[in-house]
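Understanding the architecture of this molecule
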Amino acid sequence: MATTTAAQRREQARLEYDAFIRGCPTNQLLGRLSDKWVSLVVAALSGGGPLRYSDLGRKIAGVSPKMLTQTLRTLERDGILARTVTPSVPVRVDYELTPLGRSLALLLTAVKDWAENHIDEVHAARERYDEGNDV
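Here's what I pulled together on the structure shown here. (Residues numbered from 1 in each chain as written. Predicted model: local features only at pLDDT ≥ 70, side-chain atom pairs only at ≥ 80, totals over all residues. Heavy atoms only, no water.)

Considerations on helix α3 (residues 36–45)
To keep things clear, this is the line we draw: Whether a residue is buried, partly exposed or exposed follows from its accessible area with a 1.4 Å probe, protein chains only, as a fraction of its type maximum: under 20%, in between, or over 50%, in that order. A run of DSSP states H or I qualifies as a helix once it reaches four residues; a run of E qualifies as a strand once it reaches two. Both are numbered from the N-terminal end. Residues adjacent in sequence count toward polar contacts only when both atoms are side-chain atoms; beyond that, a polar contact is any pair of N or O atoms within 3.5 Å, and within protein one must be able to donate a hydrogen and the other to accept it.
Extensive coverage of α3 is indicated by the burial of 7 of its 10 residues. Three or more residues of α3 are buried, namely Trp37, Val38, Val41, Val42, Ala43, Ala44 and Leu45. You can read the cap of α3 off the contacts: a side-chain oxygen lies 2.9 Å from the backbone nitrogen of Trp37, and it is on Asp35.

Things to note about the side chain of Asp94
We apply this condition: Contacts: residue pairs with any heavy atoms within 4.5 Å of one another.
Positionally, Asp94 belongs in strand β3 (residues 92–97). Polar contacts involving the side chain of Asp94 include one to the side chain of Arg92, which spans 2.9 Å. In contact with Asp94, not counting residues within four places along its chain, are Pro50, Leu51, Arg52, Ala82, Arg83, Thr84 and Thr86.

Thoughts on the nonpolar core
Note the cut-off: What we call a nonpolar core is a set of buried Ala, Val, Leu, Ile, Met, Phe, Trp, Tyr and Cys residues that are connected through their side-chain atoms within 4.5 Å.
Counting residues in each nonpolar core, the largest one holds 22 residues, and the members touching the most others are Val41, Val42, Leu45 and Leu56. Listed by contribution, the elements that provide at least two residues to this core are α3, α5 (65–77), β3 and α6 (99–133). The element best represented in this core is α3, accounting for 6 residues.

Points about the pattern of salt bridges
Put simply, the rule reads: When a carboxyl oxygen of Asp or Glu is within 4 Å of a side-chain nitrogen of Lys or Arg, the pair counts as a salt bridge.
Counted according to the given criterion, the structure contains 5 salt bridges. Measuring nitrogen to oxygen at the nearest pair gives 2.8 Å for the salt bridge that ties Asp78 to Arg32. Taken together, the residues Asp78 in the loop between α5 and β2 (81–86) and Arg32 in helix α2 (residues 25–33) connect sequence positions 46 residues apart. For Asp78, a relative accessible area of 22% puts it in the partly exposed group. We classify Arg32 as partly exposed; its relative accessible area is 31%. Here Glu116 makes a salt bridge to Lys112, at a shortest N to O gap of 3.2 Å. Here Glu116 and its partner Lys112 are both found in helix α6, 4 residues apart, which amounts to about one turn of the helix. Look at the salt bridges and you will find they share partners, linking Lys112, Asp113 and Glu116 into a network.

Considering the packing of α3 against α5
Where we set the bar: Fitted lines through C-alpha atoms give the axes, limited to the stretch in contact for helices. The angle between two N-to-C directions lies from 0 to 180 degrees. Working definition: roughly parallel below 35 degrees, roughly antiparallel above 145 degrees, roughly perpendicular at 65 to 115 degrees, and oblique for all remaining angles. Think of it as three bins: nonpolar holds Ala, Val, Leu, Ile, Met, Phe, Trp, Tyr, Cys and Pro, charged holds Asp, Glu, Lys and Arg, and polar takes everything else, Gly as well.
Close contact between α3 and α5 brings their axes to 10 Å; oriented N to C, the two are set at 75°. Classified by the angle between their axes, α3 and α5 sit roughly perpendicular to one another. Residue-level inspection shows Trp37, Val38, Val41 and Val42 of α3 in contact with α5, the latter providing Met67, Leu68, Thr71, Leu72 and Leu75. Residue composition of the contact of α3 with α5, grouped by class: 8 nonpolar, 1 polar and no charged.

Examining the environment of Pro87
With respect to the helices, strands and loops of the structure, Pro87 is situated in the loop between β2 and β3. We classify Pro87 as exposed; its relative accessible area is 73%. Sequence separation of Pro87 and Thr69 is 18 residues, and the distance between their C-alpha atoms is 20 Å.

What follows is the structure, given as structure tokens:
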């Protein structure tokens, strides 16, 4: 029986990722990336330079401080954004996308733009559906 190295096993596992399987790491990642707050944070940070926590909170209407903090921590852990602390009074904390995050931002901002451009069509479709189904 041939033995394989750890690197070979990782490569084989990578080739076998299947997001349709619930236990697959890619399935879990898709779940995280499809979160509304993740999409909005990434889109907000895709505009250029770093933003402070308070800037993000103002830009993303409706996000609670708790949810914003959780989302930022999760994205930092996943390598999608970087957090930079500048010692000052008060301490300054900036967030910006990493190269991995910038590649994701292209996709998520396209989805955001699609939603903004097609919301009227979706509303019309909902109305037609609701009228036909007596909702």
